[in-house]
Amino acid sequence: MIRIVRTLFGLIFGWIASVVLGVLGRFHSDPMSNRVQRRTFVRNATLGAVGSTLAVVAAGFGGLMWPNKTGAFGSKLIVPADDVPPVDGVPFRNVAGKFYLIHNTDGLMALYTKCPHLGCTVPYVGPADSPHAFQCPCHGSMYDYEGDRTGGPAPRPMDYMTVTVEPDGSVMVNTGEIHTRESYDPSQTVKLA
Ligand code: FES
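Residue positions are given per chain, counted from 1 along the sequence in the order it is written. The model is predicted, so local features are restricted to residues of pLDDT at least 70 and side-chain atom pairs to those at 80 or more, both for listing and for counting; the totals for chains, interfaces and linings are taken over all residues. To obtain the side-chain values, all non-hydrogen atoms of the structure were included, while hydrogens and water were left out.

What is the right way to read the packing of aromatic side chains from this model?
We describe a pair of aromatic rings using the distance from one ring centre to the other and the angle between the two ring planes. Only centres within 6.5 Å qualify two rings of Phe, Tyr or Trp (six-membered ring in Trp) as a pair; their planes then separate them into stacked at under 30 degrees, edge-to-face at over 60, and tilted for everything else. The final tally for this structure, using the stated rule, is 4 aromatic pairs. What links up through ring pairs into an aromatic cluster is the set Tyr100, Tyr124, Phe134 and Tyr145. Lysine and arginine charges are scored as sitting over a ring when NZ or CZ, respectively, is within 6 Å of the ring centre and within 35 degrees of the ring normal. Here the guanidinium or amino end of lysine 98 rests over the ring plane of phenylalanine 73, the centre of that ring lying 4.6 Å away.

Help me understand the nonpolar core, please; the structure alone is not making it clear to me.
Across soluble globular proteins, nonpolar side chains have a tendency to be buried as a group. Nonpolar cores are built from buried Ala, Val, Leu, Ile, Met, Phe, Trp, Tyr and Cys residues. Side-chain atoms within 4.5 Å join them into one set. Exposure is judged per residue with a 1.4 Å probe applied to protein chains only, and the accessible area is read against the type maximum: over 50% gives exposed, under 20% gives buried, and values in between give partly exposed. Membership of the largest hydrophobic core comes to 16 residues, with the highest contact counts inside it found for Ile102, Met109, Leu111, Val122, Phe134, Tyr143 and Met158. We call two residues in contact when some of their heavy atoms are within 4.5 Å. Those residues in contact with leucine 111 that lie beyond four places of it in its chain are Lys98, Phe99, Tyr100, Ile102, Phe134, Tyr145, Glu146, Gly147, Met158, Asp159, Tyr160 and Arg181. Core analysis: the second largest hydrophobic core is formed by 12 residues, Leu77, Leu101, Ala110 and Val171 among them.

Got a minute to help me understand the sheet that holds strand 5 (residues 134-135) in this structure?
Pairing between the strands of a sheet is mediated by backbone hydrogen bonds and can be parallel or antiparallel. Spatially, 5-6-7 is the arrangement adopted by the 3 strands of the open sheet, whose pairing is antiparallel. This sheet does not close on itself; its edge strands, each paired only once, are strand 5 and strand 7 (149-151). Paired strands, as defined in this entry, are two strands with at least two bridges between them according to DSSP. Labels follow the DSSP assignment, with helices taken as runs of H or I lasting at least four residues and strands as runs of E lasting at least two, numbered in each case from the N terminus. In this sheet, strand 6 (residues 142-143) lies alongside strand 5 in antiparallel orientation, the contact comprising 2 bridges. Paired with glutamine 135 across the strands is methionine 142, a residue of strand 6.

Looking at this model, I keep getting lost on the confidence of the model for the protein. Mind explaining?
The predicted coordinates should not be examined in detail at positions where pLDDT is low. Chain-level statistics for the protein give a pLDDT mean of 82 and a share of 65% at 70 or above. pLDDT: the predictor's confidence for each residue, scored from 0 to 100. The low-confidence segment residues 1-5 (pLDDT under 50) makes 3 contacts with residues lying over four places distant or belonging to another chain. Across residues 7-11, confidence stays below pLDDT 50; counting only partners more than four residues off in sequence or on other chains, it has 4 contacts.

Help me understand the state of the cysteines in this model?
Throughout, a disulfide means two cysteine sulfur atoms within 2.5 Å of one another. Counting across every chain of the model gives 1 disulfide. Across a sulfur-sulfur distance of 1.9 Å, cysteine 120 and cysteine 138 are joined as a disulfide pair. One disulfide, between cysteine 120 and cysteine 138, carries an S-S torsion of -100° and so falls in the left-handed class. With cysteine 120 in the loop between strand 4 (108-112) and strand 5 and cysteine 138 in the loop between strand 5 and strand 6, this pair connects stretches of sequence that are 18 residues apart.

What is the right way to look at the side chain of threonine 189 in this model?
Here threonine 189 shows up in the segment after strand 9 (171-179). Here a polar contact is recorded for every N or O atom pair within 3.5 Å, except that within protein the pair must consist of a potential hydrogen donor and a potential acceptor, and residues adjacent in sequence are included only if both atoms are side-chain atoms. Polar contacts involving the side chain of threonine 189 include one to the main-chain carbonyl oxygen of aspartate 106, which spans 3.4 Å. Ignoring sequence-local partners within four residues, the contact set of threonine 189 consists of Asn104, Asp106, Gly107, Leu108, Met109 and Tyr184.

Below is the structure:
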């Protein structure tokens, strides 16, 4: 969508630049002199090309101003208060954000769904007190409710994302901030106030 807007912006800006330069060219041309008309044409064509290039550059800058990632993986996503699981409850899964929000007695943690072995998506199979609450279907890595590795070839626990509890009880997960770890530690969680 943003690419289409950028392209349209570039085309419209380039067209406007060409029209303006064409009008200016008419004011400055001398009908009595073919030489002058030729020079004017070359000048306007050059300025038109420069104007179009500048339009494309301006469109690129416009793209930098627009955040590319909103509401998707890489951005900050909100889990509504009603969707926050109870302690040891079934994790809330955000498919676009690629995380599970789990809730244990220490607090909340957002687990990255990507298996640290070779990147498959790890499903939750529960229950929360099982040492194999998460099981990767690809090569059999297993993780407990906190994402700690309990079996299989994975080299480390499931990664986790930065979590912030908002004043209204909703939870913000920064899917652009992913942390690796050696093992589970309560400091990786955030208390639900
Ligand atoms: S990708 Fe999950 S165990 Fe290999």
